[in-house]
Amino acid sequence: MSGPSSYVPKLGIAKWLDARLPLPRLMYDSFIAYPVPRNLNYFWTFGGILMLMLVSQILTGVILAMHYTPHATLAFTSVEGIMRDVEYGWLMRYMHANGASMFFIAVYIHIFRGLYYGSYKAPREVLWILGVIIFLLMMATAFMGYVLPWGQMSFWGATVITNLFSAFPIVGETIVTFLWGGYSVDNPTLTRFFSLHFLLPFMIFGVVILHVWALHVTGQNNPTGVEVKAVAKDTIPFTPYATIKDAFALVLFFAFFAYFLFFIPNYLGHADNYIPANPAVTPAHIVPEWYFLPFYAILRAVPDKLGGVLLMFAAIAVLVVLPWLDTSKVKSMSYRPLARQCFWAFAVTCVMLGWLGSRPAEGIYVTLSQLFTALYFAYFLIALPLLGLFETPKKLPGSIAESVLGKMKGGSGAVVGAAASAEPNTKG
Amino acid sequence: MAEAKSSPASEPTRRDMLFLATGAMGAAGVVALAVPFVRTLAPNAQTIAAGAPIEVDLTPIPEGQGIKLFWRGKLIFVRSRTKAEIEEAQKVNLASLPDPQADSARVKPGKENWLVIYGSCTHLGCIPGGSAAGEVRGDYNGWFCPCHGSHYDTSGRIRKGPAPTNLPVPPYAFLSDTKIRIG
Amino acid sequence: MTLFRTSLAAFAAIMIGAFSAASLSPAHAAGGGTKPPAHDWSFDGPFGTFDRAQLQRGYKVYREVCSACHAMSLMRFRNLSQKGGPEFTEAQIRALAADFKISDGPNEQGEMFERPGRPSDAFPKPFPNEQAARAANGGAYPLDLSVIAKARNYERGFPLFLLDIITQYQEGGPDYLKALLTGYEDPPKGVELLPGQNWNKYMAGNIIGMPNMLNDGQVEYPKGADGKSPVPETAKQYAADVVAFLMWSAEPHMEQRKSIGRQVFIFLLLFAGLLYFTKKRIWSRLPEHAPGAAH
């Protein structure tokens, strides 16, 4: 999959360029000839969808930045000016705001896909960690972007989240003051958030290139978790097979996006952010955007300020060490009956944490938050390390080709009948 | 890797039609998507509304002097011309002008004493001097652009220097003897 | 396959639960304010449009009642003639704007002067600043109403909030505002109101600074051909009309958004259909579908 390519462009000018800068070769190897496992299902289309969402966010963002004024007294009005006076400004802004949500929907599906099929395991640990870095950068970008309209939720979200850092002993107060550029969230905070919100997507883009690079070195995981054994039998070329499938999934995803964008553009937002920021009045319930809710619930589960902050960061940090926590050699949960149940319990846990993050931090909600926070960490720190030692996995198919072509033809000519016990994982 | 291809002879027409339709629809979609992105670059509604016609009172302008004002972000000169300046502008031999245009085509009939022109040099956009008293008016007693030495006459026509054309006349109309509406 | 089946089943379960629960459980009070009843707005749903006559009446109510205290600083007179809004004629908005004296300047003498309003002017504010507004209203600050219809909402509760994705319910703000405008009541026994306080059943906490401002017959509506107003001149009708106007002001391009949305959505579905068949055709070249093809 890696190594020197034997590809030689056919076109004269491409040949000329290839001899000087092997860009045509790189493109051909990465997006045309790149071998993908033939049994990928539609959950594998979300990588491409995410790439397009990043491009969409950058394009709409650049347009919005042309019309936006990063100043505490003008930000709200300038955003409304975009909505009212700029031709198709409403489209750009709703596309950007809902696009952020769509980006996170896609990234969560992408992450859970990786969790279910064990895509974080050797040899894909670096690929996985790069993904976690992208996720972190996305969270920072989304948070700072949400501050820019300078509505009530913008202002108070910024206040609450920047105050997290004050939990750290000794340096905490200094960090917060330096984040703010003043003694409270104010104009200097807004302008630096704008600057960073513009910068970070390009850093994401850079890490995405590393992510794709790492992917193309190890090759894709697949629903069986069995590595490619014979390229000719187990894989198909990226173009046209994966490209057309990705395109189909992408258009369906964009239809879903368009539904929110055009018909319920404010559904995922919060009404309070249409009230201009007011440092004298805090909204009754401060809630972050939906994609932060599970982490927000973990933050509030702990009565101790520093403890809550550390636990929230740990909730993401634990993903980094996940490749070494999961002791099972079998990647795909399709062959791990117990782990699969734990996985679904974990998925429900995340949804419950999301719901709890939207509730006020009082009474039963706090207790429930603590319970589900414990379950969240139990999945990584107890279930996955132990299951690998005790669980008896189902029999794996001999090869990818065998899992697709089944026992009748025994595509690889290997162990006939082995696939009978396997899950019927055909291509989506 | 698998070199998987069906025999090209089998039903090429239907397949080609399908591929063609899909490709065409995709291309149309991308083009349609590009339209709103480009349209956001147009002047917005507030800019357009702010560019509505403006009214200018001429009474404070003494004879022989001029004022400068902005309309749609462009500088406009309004000058009250003296009799001598009008005559000077009218008697020029048009054939000798780099951009021949009669003075009568640049003012409103019966209001020859009022000259209303855009105030940015047609060479590279500098602002010629000569509106206010004391500013250098150039060899032809009109306006002089200090950037590259373009001389305009009392009708705002280019006479000497690198500017290719006369200072253009904006759309305007007299509402009364002492009031004009620009735009 | 398993993952698909499971997620599909989970989704179906949520949806069925949502539907059945929604049809069974009546709306109930939460957080101090009663849940507002749903009004049948002309602008709801994917095909919703504003009712021009209603928006024009709503502007009249705003102008004659609300604008005494509430600014709409993001609105300009020219907006009243734009497509998808009340669509007053150019001549009408010039007349509407000219009704107001706008402070402009400074002139050559360095002084501010007053002139008649122009279409490009913003709606004039009733008070020069927040302090003046508070001073005139017993300490309460009458909010800017430009985007108020999007800045208000109420908690929908578990099954309903999911259902709203399908029903495209977006009218939480307008429903709440309309209910609030007509929700004034005498306070229950034992509740003493201070001067400047009023009791409203839909307000969170029930205490509101704004008194009841809409009364039957208060605003005169344009007459139809028969010499009578086509709609009743009641407080209820005034509330509905002015809230429709506020919704338009909060989302002035809603009609364009929905109409483009319908086209985009249909385009994407058709395109997805074509892509599906193209994908099938391409994948049919694979060996397991075409035995004997070259490997």
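Residues numbered from 1 in each chain as written. Chains lettered and ligands numbered in written order. Predicted model: local features only at pLDDT ≥ 70, side-chain atom pairs only at ≥ 80, totals over all residues. Heavy atoms only, no water.

1. A short note on the overall build of chain B
Inference 1: Scanning chain B for helices and strands turns up 3 helices and 9 strands.
Inference 2: Starting at the N terminus and walking to the C terminus, you meet the elements of chain B as α-α-β-β-β-α-β-β-β-β-β-β.
Inference 3: A compact globule built from 183 residues should have a C-alpha radius of gyration of about 16 Å, whereas chain B, at 28 Å, is more than 25% larger.
Inference 4: Once the C-alpha set of chain B is aligned to its principal axes, its extents read approximately 90 × 35 × 30 Å. (Helix = DSSP H or I, 4+ residues; strand = E, 2+ residues; numbered from the N terminus. Rg over C-alpha atoms; globule rule 2.2 N^0.38 Å.)

2. What about the domain arrangement of chain B?
Accessible area lost during the coming together of the parts is what is often quoted as the interface size.
Inference 1: By domain assignment, chain B separates into domain 1 (13-42) and domain 2 (48-182).
Inference 2: Placing the centre of domain 1 of chain B and that of domain 2 of chain B at their C-alpha centroids yields a distance of 50 Å. (Domains from an automatic or database assignment.)

3. Considering the interface of chain C and chain A
Inference 1: In this complex, chain C contributes 51 residues to the contact, which on the side of chain A involves 50 residues.
Inference 2: Of the roughly 4,800 Å² buried where chain C meets chain A, counting both sides, 68% is carbon and sulfur surface.
Inference 3: Counting every contact that joins chain C to chain A gives 2 salt bridges.
Inference 4: Where E155(C) meets R359(A), a salt bridge forms, and the shortest distance between an N and an O atom there is 2.9 Å.
Inference 5: At the junction of chain C with chain A, the criterion picks out 14 residue pairs in polar contact (both at pLDDT 80 or more). (Contact = heavy atoms within 4.5 Å. Buried area = accessible area lost by both parts, 1.4 Å probe. Salt bridge = Lys/Arg side-chain N within 4 Å of Asp/Glu carboxyl O. Polar contact = N/O pair within 3.5 Å; in protein donor to acceptor, adjacent residues only side chain to side chain.)

4. Quick notes on the nonpolar core
Inference 1: Grouped together as the largest cluster of nonpolar side chains are 185 residues, with contacts concentrated most on Y376(A), F380(A), L80(C) and F245(C).
Inference 2: Counting residues per element, this core draws most heavily on helix α11 (residues 238-263) of chain A, which supplies 17 residues.
Inference 3: The contact partners of L80(C), leaving out residues within four places of it in the chain, are Y59(C), M75(C), P86(C), E87(C), F88(C), I93(C), L96(C), F123(C), F245(C) and W248(C).
Inference 4: Formed by 13 residues, the second largest nonpolar core is a distinct cluster that contains W71(B), I76(B), Y118(B) and I180(B). (Core = buried A, V, L, I, M, F, W, Y, C linked by side-chain atoms within 4.5 Å. Buried < 20%, exposed > 50% of the residue type's maximum accessible area, 1.4 Å probe, protein only.)

5. What about the sheet that holds strand β4 (residues 114-118) of chain B?
Residues and elements named next belong to chain B.
Inference 1: Pairing is antiparallel in the open sheet, where 3 strands are placed in the order β2-β3-β4. With one partner strand each, in any of the chains shown, β2 (66-71) and β4 form the two edges of the open sheet. Along the sheet, successive strands turn relative to each other by an average axial angle of 20°, direction set aside.
Inference 2: Inspection of the sheet shows strand β3 (residues 74-80) paired to β4 by 5 bridges, in the antiparallel sense. Bridge pairing in β4 links I76 to Y118. (Pairing = 2+ DSSP bridges. Axes fitted to C-alpha atoms, helices over the stretch in contact; angles between N-to-C directions.)

6. Points about helix α14 (residues 337-358) of chain A
Inference 1: Compared with an ideal rise of 1.5 Å per residue, which puts 22 residues at 32 Å, α14(A) spans 33 Å between its outermost C-alpha atoms and is within 8% of the ideal.
Inference 2: Within the sequence span of α14(A), burial applies to A339(A), R340(A), F343(A), F346(A), A347(A), T349(A), C350(A), L353(A), G354(A), L356(A) and G357(A). (Expected span 1.5 Å × (residues − 1).)

7. A short note on the state of the cysteines
Inference 1: For the coordinates displayed, the defined rule picks out 1 disulfide over all chains.
Inference 2: For C126(B), the disulfide goes to C147(B), at an S-S distance of 2.1 Å. Handedness of the C126(B)-C147(B) disulfide follows from its S-S torsion of about -95°: it is left-handed. Of the two residues, C126(B) sits in the loop between β4 and β5 (141-145) while C147(B) sits in the loop between β5 and β6 (150-153), which places them 21 residues apart along the sequence.
Inference 3: Here C350(A) is not cross-linked by a disulfide; its sulfur's nearest cysteine counterpart is in C342(A), at 13 Å.
Inference 4: Looking at the unpaired C66(C), the closest cysteine sulfur is the one in C69(C), lying at 9.2 Å. (Disulfide = S-S within 2.5 Å.)

8. Some details on unusual backbone geometry
Inference 1: A cis amide bond, omega 5°, links A122(A) with the succeeding residue P123(A).
Inference 2: Within the secondary structure layout, P123(A) lies in the loop between α5 (89-116) and α6 (125-147).
Inference 3: With an omega dihedral of 10°, the bond running from T239(A) to P240(A) counts as a cis peptide bond.
Inference 4: By secondary structure assignment, the location of P240(A) is in helix α11.
Inference 5: Positioned with a positive phi, Y88(A) is a non-glycine residue whose angle comes to about 60°.
Inference 6: On the basis of relative accessibility, which here comes to 17%, the residue Y88(A) falls in the buried class.
Inference 7: Even without glycine at this site, R72(B) takes up a positive phi of about 55°.
Inference 8: Structurally, the position occupied by R72(B) is in the loop between β2 and β3.

9. A few points about the confidence of the model for chain A
Inference 1: Model confidence for chain A is summarised by a mean pLDDT of 92, while 94% of its residues fall at 70 or above.
Inference 2: Contacts for the low-pLDDT stretch residues 407-428 of chain A, under 50 throughout, to residues beyond four places or in other chains number 47 contacts. (pLDDT = per-residue confidence, 0-100.)

10. What about the pattern of salt bridges?
Inference 1: For the structure on display, the rule yields 31 salt bridges over all chains.
Inference 2: Between K111(B) and D177(B) there is a salt bridge, with the nearest N and O atoms lying 2.9 Å from each other. Of this pair, K111(B) sits in the loop between α3 (83-90) and β4 while D177(B) is found in the loop between β8 (172-176) and β9 (179-182), placing the two residues 66 residues apart along the sequence.
Inference 3: Taken together, the shared-partner salt bridges connect K121(A), D326(A), R336(A) and E391(A) into one network.

11. Digging into the confidence of the model for chain B
Residue and element names in this part refer to chain B.
Inference 1: Taken residue by residue, chain B gives an average pLDDT of 89. The fraction at 70 or more is 92%.
Inference 2: Low pLDDT, under 50, characterises residues 1-9; the stretch is placed with 18 contacts to residues that sit more than four places away or in other chains.
Inference 3: With pTM at 0.89, the complex prediction returns an ipTM value of 0.90.

12. A closer look at the domain arrangement of chain A
Residues and elements named next belong to chain A.
Inference 1: When the domains of chain A are assigned, the result is domain 1 (1-33) and domain 2 (42-286).
Inference 2: Look at where the C-alpha atoms of domain 1 and domain 2 centre, and you get two points 33 Å apart.
Inference 3: Facing the 5 residues of domain 1 at the interface are 7 residues of domain 2.
Inference 4: Carbon and sulfur atoms supply 64% of the area that domain 1 and domain 2 bury against each other, a total of about 620 Å² over both sides.
Inference 5: Inspection of the domain 1/domain 2 interface yields 0 salt bridges.
Inference 6: Run the count over domain 1 and domain 2 and you get 3 residue pairs in polar contact (both at pLDDT 80 or more).

13. Re the packing of aromatic side chains
To describe a pair of aromatic rings, you give the distance between the ring centres and the angle between the ring planes.
Inference 1: Tallied over the full model, the rule gives 64 aromatic pairs over all chains.
Inference 2: When the ring of F31(A) is compared with that of F238(A), the centres are 6.4 Å apart and the planes differ by 65°; the resulting orientation is edge-to-face. Of the two residues, F31(A) sits in helix α2 (residues 23-31) while F238(A) sits in helix α11, which places them 207 residues apart along the sequence.
Inference 3: On the basis of relative accessibility, which here comes to 38%, the residue F31(A) falls in the partly exposed class.
Inference 4: Residue F238(A) is classed as buried on the basis of its relative accessible area, which comes to 15%.
Inference 5: Relative to W143(B), the ring of F77(B) has its centre 5.5 Å away and its plane inclined at 5°; by these criteria the two rings are stacked. (Phe/Tyr/Trp six-rings, centres within 6.5 Å; stacked < 30°, edge-to-face > 60°.)

14. Comments concerning the environment of R181(B)
Residue and element names in this part refer to chain B.
Inference 1: On the secondary structure map, R181 appears in strand β9.
Inference 2: Between the C-alpha atom of R181 and that of S104, which follows or precedes it by 77 residues, the distance is 19 Å.
Inference 3: In contact with R181, other than residues within four places in its own chain, are P53, I54, E55, P171, Y172, A173 and L175.

15. Thoughts on the sheet that holds β8(B)
Residues and elements named next belong to chain B.
Inference 1: One open sheet holds the 3 strands; their spatial order is β1-β9-β8, and the pairing between them is antiparallel. A single partner strand is all that each edge strand has here, and the edge strands are β1 (54-57) and β8. The average undirected angle you get between the axes of adjacent strands in this sheet is 30°.
Inference 2: Two elements, β8 and β9, share 4 bridges in a ladder whose sense is antiparallel.

16. A look at the packing of helix α2 (residues 52-64) of chain C against helix α8 (residues 235-250) of chain C
Residues and elements named next belong to chain C.
Inference 1: Interhelical geometry of α2 versus α8 gives an angle of 100° and a closest axis separation of 7 Å. Overall, the two elements α2 and α8 adopt an arrangement that is roughly perpendicular. Residues Q54, L55, R57, G58, Y59, V61 and Y62 of α2 form the contact with α8, whose participating residues are Q237, Y238, A240, D241, V242, A244, F245 and W248.
Inference 2: Partitioning the contact of α2 with α8 into residue classes produces 10 nonpolar, 3 polar and 2 charged. (Parallel < 35°, antiparallel > 145°, perpendicular 65-115°, else oblique. Nonpolar A, V, L, I, M, F, W, Y, C, P; charged D, E, K, R; others polar.)

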